[in-house]
Amino acid sequence: MDLEKIYELAVSYGIRIVLALLTLIVGLWVIKFLSRWAERSMRKSNFDQTLKSFLLAIIKIGLKVMLVISVISMLGIAMTSFVAVLAATGFAIGMALSGSLQNFAGGVMIVLFKPFKLGDYIEAQGFSGTVSEIHIFNTILKTPDNKTIILPNGSLSNGPMTNYSTEPQRRVDFTFGVGYGDDIDKARKIIMDLITADERILKDPVPFVAISGLGSSAVNFAVRVWVNAENFWGVFFDMNENVKKAFDKNNVSIPFPQTDVHLYQVT
């Protein structure tokens, strides 16, 4: 091959490489601009926050894939060969990253069926917390003590999950024990008076107070009241404290396990 031929090839491929690099740089800038524009548009239109981060990630990945294909075609690489290599590579990567593909599919299922949304308090896979972010492959929870939990979407979409934020109202259950020598009607009235005095406790459904069992050392009351979801823990903690104080004030005993030890002197 003479020098003239080499020069022509160098100029030809050099121009292609320069144009491909320029296309890559400009394309990345355009993708960044479009991503920001899409994010602002979603924010202004009050777009569902659950879908927002997920769709933005899909848009970025899709645009970058299109950019890479365009750059490769500009370099003169035959697309049929490239697609064949890409398919083989994709198959190998898919086998190696089968778990990640399951997580991706799980993310799509979560976005489509919405078993939970941002801000919901859920329990799944042995963990519980508030949903702070939903990504393509995983979901991030924040616990009440500010720990970060990352759950893969594959197991999250296929396993059991409890959503505590779905319903606007929740039932609070208590068990209060009184001594066998105490007046159970008096104890029931004390509990009902405390329930009536708490404005956070709903009148409908009607609060339930009844004897649930005769234990080894106590007569147990089952107490069930309904509250708005945001008042659940406040009512739970306050009611336990108020019942203890009211029982003490009215001389109603709260039994606790006791053990009698008998000592025998052997002569």
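Our subject is the structure that appears above.
Given the structure is predicted, the values throughout are model-derived calculations rather than measurements. Numbers given for residues are sequential positions, taken from 1 along each chain in its written order. Under the rules for a predicted model, residues below a pLDDT of 70 receive no local features and side-chain atom pairs below 80 are neither given nor counted, while totals for whole chains, interfaces and linings still include all residues. The basis for the side-chain values is all heavy atoms of the structure; hydrogens and waters are excluded.

Some words on the sheet that holds strand 8 (residues 219-228)
No. 1: Pairing between two strands requires that DSSP report at least two bridges joining them. Secondary structure counts use DSSP, requiring at least four H or I residues in a row for a helix and at least two E residues in a row for a strand, with both numbered from the N terminus. One open sheet accounts for three strands, arranged 6-8-7; its pairing is antiparallel. Every interior strand has two partners, whereas the edge strands, strand 6 (169-178) and strand 7 (208-214), have only one. The average undirected angle you get between the axes of adjacent strands in this sheet is 25°.
No. 2: The pairing of strand 7 with strand 8 spans six bridges and is classified as antiparallel. Counterpart to Phe 208 in the pairing with strand 8 is Arg 224.
No. 3: What makes two residues a contact is simply this: any of their non-hydrogen atoms within 4.5 Å. Every angle, taken between N-to-C directions, lies between 0 and 180 degrees, and every axis is a line fitted to C-alpha atoms, over only the stretch in contact when it is a helix. The sheet strands contacting helix 6 (residues 184-197) are strand 6, strand 7 and strand 8, and the helix crosses strand 8 at an angle near 15°.

Details of the pattern of salt bridges
No. 1: Salt bridges are identified by distance alone: a Lys or Arg side-chain nitrogen within 4 Å of an Asp or Glu carboxyl oxygen. The final tally for this structure, using the stated rule, is nine salt bridges.
No. 2: Asp 173 is the salt-bridge partner of Arg 171, the closest N and O atoms lying 2.8 Å from each other.
No. 3: Exposure classes here rest on a 1.4 Å probe applied to the protein chains alone. A residue is buried below 20% of its type maximum, exposed above 50%, and partly exposed in between. Owing to a relative accessible area of 39%, Asp 173 belongs among the partly exposed residues under this scheme.
No. 4: In this structure, Glu 241 engages Lys 245 in a salt bridge whose closest nitrogen and oxygen atoms are separated by 2.8 Å. Of this pair, Glu 241 and Lys 245 both sit in helix 7 (residues 232-249), four residues apart, which is roughly one turn of the helix.
No. 5: Look at the salt bridges and you will find they share partners, linking Asp 198, Arg 200 and Asp 238 into a network.

A closer look at the sheet that holds strand 3 (residues 138-142)
No. 1: With respect to topology, five strands assemble into an open sheet ordered 4-3-2-1-5, the strand pairing being antiparallel. Across the chains shown, the open sheet's two edge strands, defined by having one partner strand only, are strand 4 (148-152) and strand 5 (161-163). Strand-to-strand, the axes of this sheet are offset by a mean angle of 40°, without reference to chain direction.
No. 2: When strand 1 (residues 121-124) meets strand 2 (residues 127-134), the two strands line up antiparallel, connected through four bridges. Residue pairing for strand 2: Glu 123 is matched across the bridge by Ser 128.

Focus on the environment of Leu 28
No. 1: Within the secondary structure, Leu 28 sits in helix 1 (residues 3-44).
No. 2: It is 8.9 Å that separates the C-alpha atoms of Leu 28 and Leu 63, two residues lying 35 residues apart in sequence.

Considering the packing of helix 6 against helix 7
No. 1: Two elements in contact, helix 6 and helix 7, have axes separated by 10 Å at closest approach and are oriented at 135°. By the criterion of interaxial angle, the relationship of helix 6 to helix 7 is oblique. Pair helix 6 / helix 7 crosses with right-handed handedness. Here Ala 187, Ile 190, Ile 191, Leu 194 and Ile 195 of helix 6 lie close against helix 7, whose contacting residues are Met 239, Asn 242, Val 243, Ala 246 and Phe 247.
No. 2: In terms of residue class, the contact of helix 6 with helix 7 is made up of nine nonpolar, one polar and no charged. In what follows, roughly perpendicular refers to angles from 65 to 115 degrees, roughly parallel to angles under 35, roughly antiparallel to angles over 145, and oblique to any angle outside these ranges. Handedness of a crossing is defined here by the sense of rotation of the near helix relative to the far one, left-handed for an anticlockwise turn of less than a right angle and right-handed for a clockwise turn. Side-chain classes are defined by residue name, with Ala, Val, Leu, Ile, Met, Phe, Trp, Tyr, Cys and Pro counting as nonpolar, Asp, Glu, Lys and Arg as charged, and the others, Gly among them, as polar.

Some thoughts on the nonpolar core
The nonpolar side chains of a soluble globular protein tend to be buried with one another.
No. 1: If you look at the biggest cluster of nonpolar residues, it comprises 22 residues, and the most contacted ones within it are Phe 174, Ile 191, Ile 195, Val 223, Val 225 and Phe 247.
No. 2: Breaking this core down by element, the ones donating at least two residues are strand 6, helix 6, strand 8 and helix 7.
No. 3: No other element matches the six residues that helix 7 contributes to this core.
No. 4: If sequence neighbours within four positions are ignored, Val 225 has contacts with Arg 170, Arg 171, Val 172, Phe 174, Ile 195, Ile 201, Pro 207 and Val 235.
No. 5: With 10 residues, the next largest nonpolar core counts Ile 110, Ala 124, Leu 141 and Ile 149 among its residues. By convention a nonpolar core is built from buried Ala, Val, Leu, Ile, Met, Phe, Trp, Tyr and Cys residues, the set being connected through side-chain atoms within 4.5 Å.

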